[in-house]
Amino acid sequence: MKLGRLASLKKFNNPNILLPIPKHWQEKLTKRVENNSFRELKIFYGLTDFFSNDYLGIARDEVVTRMVNITLIGQKDALNGSTGSRLLSGNHIWARRCEYYLSEYYGGENSVLFNSGYDANIGIMSCIAERNDTIIYDELVHASIRDGIRLSMSRSFSFAHNNMEDLKKKLEQSTGQVFIVTESVFSMDGDEAPLKELMAIAKQYHAYVIVDEAHAVGLLGPAGSGMVKAEGLTEDVLIRIVTFGKGAGIHGAAAICNDDVKKYLVNFCRTFIYTTALPPNDCIAIMTAHEVMKEKDEERETLRKYISYFRKKISQSSLKLIEGNGPISAILFEGNSKVKDISNLLMAHGLGVLPVLSPTVPEGKERLRIILHSYNTQDEIDQLIELLLKHG
Ligand SMILES: Cc1ncc(COP(=O)(O)O)c(C=O)c1O
């Protein structure tokens, strides 16, 4: 046995702990250390932000907190918590107002609030299909979508990323009612789905389409209302999942859908039913953040300019940049050690750029995930480009 392995085993078998963790946990953790994929919680101070999802800076805007306080302090219905599930005591007036507000904002007939995008995806994907039905999903969809599909009793296939020919092949193999699931802007590669083409194919096969807009919110479409609205597909998509922890700078999520879909989710979606609802303060924060987001056209324009400037410079070099138009740029570096080294080097220069390691992405597809924001400066972006070109 190698010395490194002994040392790391010791680390996960602390003799001072009264209740040692199970042996197979120790082994799995040790393996993570050995293949350089061990995850640890860190707090990053004072780094230039090239890693948060706060694309437009709304997480930093005090007006959201102030509005929550102004609205709730002294009000009779100003409970700190929602006190229960939406189907029990948790259906307060702010949740109703918020759902009405969101359906207007995103151009849907109705909406259903969820505590997070993860919750929304788990609940929705696990309740939409029956045993003989089929869910077909892009191979690069977020873990929450995959986890939800795994909980479903239905058949499921992935199709090659953004590959419409492969989607058609999978549709040919499908049974029962078919649901196609994709993201409008992909969280890992930062590229976009060909939504119009996908929708045309779905119609041919009488399949429903569900789109996760987590990374389009705030950036694409009128007032950042997403790609589905921008492409004029609001009537065609069965469910849009919009999340508020990224471009909207706060927390929570919603399904944008029609009245009947809402009735179904309220009755059958377990992550909606069996959880304490978002409290009034979160609902007010969600509405206020959207009011702020509506006014961010200038910031969206600045960000677009930064993105095309950065992408142009990087794509002229030998670095392996995944194509796309969004604020997330993925640059591939093979192997966890390589990508960690380059991230550490950038961090040492004060630039917050994080690596995405395998097994989060497949081996050989490890990458730096660089996120641009409207509040980055031209100097910061130039420094990042210079270091990447020199050391990448
Ligand atoms: C595409 C996508 N969907 C859903 C989620 C989960 O959203 P939330 O962070 O609100 O749980 C994420 C978060 O990373 C995501 O990237």
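No experiment lies behind these values; they were computed from the predicted model shown.

Brief notes about the overall build of the protein chain
- Summing up its helical and strand segments, the protein chain has 15 helices and 13 strands in all.
- Compactness check: the protein chain gives a C-alpha radius of gyration of 22 Å against a globular reference of 21 Å for 392 residues, within 12% of the reference.
- Its C-alpha atoms put the protein chain at 60 × 55 × 50 Å along the principal axes.
- Taking all 392 residues of the protein chain together, the buried fraction comes to 42%.

A closer look at the environment of Ile370
- On the secondary structure map, Ile370 appears in strand S13 (residues 367-371).
- By the C-beta count within 10 Å, which is 24 here, Ile370 ends up buried.
- In this structure the C-alpha to C-alpha distance between Ile370 and Pro327, which are 43 residues apart in sequence, comes to 7.9 Å.
- Setting aside its immediate chain neighbours within four residues, Ile370 contacts Phe50, Ser329, Ile331 and Val353.

Description of helix H4 (residues 93-106)
- Here H4 is 14 residues long and its end C-alpha atoms lie 20 Å apart, about the 20 Å a rise of 1.5 Å per residue gives.
- Residues Trp94, Ala95, Cys98, Glu99, Leu102, Ser103, Tyr105 and Tyr106 constitute the buried set of H4. Viewed along the axis of H4, the buried residues span an arc of 165°, placing them on a single side of the element. Along H4, the residues that are exposed and aim more than 90 degrees away from the buried face are Ile93 and Glu104.
- Looking at the buried positions of H4, the neighbouring elements they touch are strand S2 (110-114), helix H9 (227-230), strand S7 (239-243), strand S8 (253-257) and helix H12 (280-294).

A few points about the packing of helix H5 (residues 117-127) against helix H6 (residues 143-151)
- Viewed as axis vectors pointing N to C, H5 and H6 meet at an angle of 30°, and their least axial separation amounts to 7 Å. Between H5 and H6, the crossing angle belongs to the class labelled roughly parallel. Two packed elements cross with a definite hand, and for H5 against H6 that hand is right-handed. For the pair formed by H5 and H6, the contact residues are Gly117, Tyr118, Asn121, Ile122, Gly123, Ile124, Met125 and Ser126 on the first element and Ser144, Ile145, Asp147, Gly148, Ile149 and Leu151 on the second.
- Among the residues making up the contact of H5 with H6, the classes are represented as seven nonpolar, six polar and one charged.

Some points on the sheet that holds S7
- Pairing in this open sheet of seven strands is mixed, and the strands run S2-S8-S7-S6-S5-S3-S4 from one edge to the other. Strands with a single pairing partner mark the edges of an open sheet, and in this sheet they are S2 and strand S4 (155-159). Averaged over all neighbouring strand pairs, the angle between strand axes comes to 20°, with direction disregarded.
- Contacts from helix H8 (residues 195-204) reach strand S5 (178-183) and strand S6 (208-212), with the element oriented near 155° to S6.
- On top of the sheet, helix H10 (residues 259-268) reaches S2, S7 and S8; it is set at about 30° to S2, its chief contact.

Some points on the sheet that holds strand S9 (residues 320-321)
- With respect to topology, four strands assemble into an open sheet ordered S9-S10-S13-S12, the strand pairing being antiparallel. Every other strand in the sheet has two partners, leaving S9 and strand S12 (354-356) as the edge strands with one partner each.
- Sheet topology note: the S12/S13 ladder contains three bridges and is antiparallel. Residue pairing for S13: Leu354 is matched across the bridge by Arg369.

Some thoughts on helix H15 (residues 378-391)
- For H15, spanning 14 residues, the distance from its first C-alpha to its last is 20 Å, which sits close to the expected 20 Å at 1.5 Å a residue.
- Looking at H15, one finds that the buried residues are Ile381, Leu384 and Leu388. The buried residues of H15 all sit within an arc of 60° when viewed along its axis, so they share a single face. In H15, the exposed positions angled more than 90 degrees off the buried face are occupied by Gln378, Asp379, Glu386, Lys390 and His391.
- Those residues of H15 hidden inside the fold are in contact with helix H13 (297-315) and strand S11 (351-352).

Observations regarding the pairing of S6
- Burial within S6 is extensive, with four of its five residues counted as buried.
- Crossover handedness for the path S5 to H8 to S6: right-handed.
- Of the strand pairs in this sheet, S6 and S7 are connected by three bridges, and their pairing is parallel. For Ile210, the partnering residue across the bridge sits in S7 and is Ile239.

With respect to the nonpolar core
- In this structure, Ile124, Phe179, Ile180, Val181, Ala254, Ala255 and Ala289 are the most contacted members of the largest nonpolar core, which totals 99 residues.
- It is H12 that contributes the most residues to this core, seven residues altogether.
- In contact with Ala255, other than residues within four places in its own chain, are Ser111, Val112, Phe114, Ala120, Ile124, Ile239, Ile241 and Leu265.

What about the domain arrangement of the protein chain?
- For the protein chain, the assigned domains read domain 1 (11-58 + 297-391) and domain 2 (79-294).
- Facing the 17 residues of domain 1 at the interface are 18 residues of domain 2.
- When residues of the side of domain 1 that touches domain 2 are assigned to their parent elements, the largest contribution, three residues, is made by strand S10 (residues 328-332).
- The residue inventory of the side of domain 1 that touches domain 2, partitioned by class, reads nine nonpolar, five polar and three charged.

Criteria and thresholds
Residues numbered from 1 in each chain as written. Predicted model: local features only at pLDDT ≥ 70, side-chain atom pairs only at ≥ 80, totals over all residues. Helix = DSSP H or I, 4+ residues; strand = E, 2+ residues; numbered from the N terminus. Rg over C-alpha atoms; globule rule 2.2 N^0.38 Å. Buried ≥ 20, exposed ≤ 12 C-beta atoms within 10 Å, placed from the backbone. Contact = placed C-beta atoms within 7 Å. Expected span 1.5 Å × (residues − 1). Arc of directions from axis to C-beta. Axes fitted to C-alpha atoms, helices over the stretch in contact; angles between N-to-C directions. Parallel < 35°, antiparallel > 145°, perpendicular 65-115°, else oblique. Left-handed = near helix turned anticlockwise from the far one by under 90°. Nonpolar A, V, L, I, M, F, W, Y, C, P; charged D, E, K, R; others polar. Pairing = 2+ DSSP bridges. Right-handed = clockwise from strand over helix to strand, strands pointing away. Core = buried A, V, L, I, M, F, W, Y, C linked by C-beta atoms within 7 Å. Domains from an automatic or database assignment.

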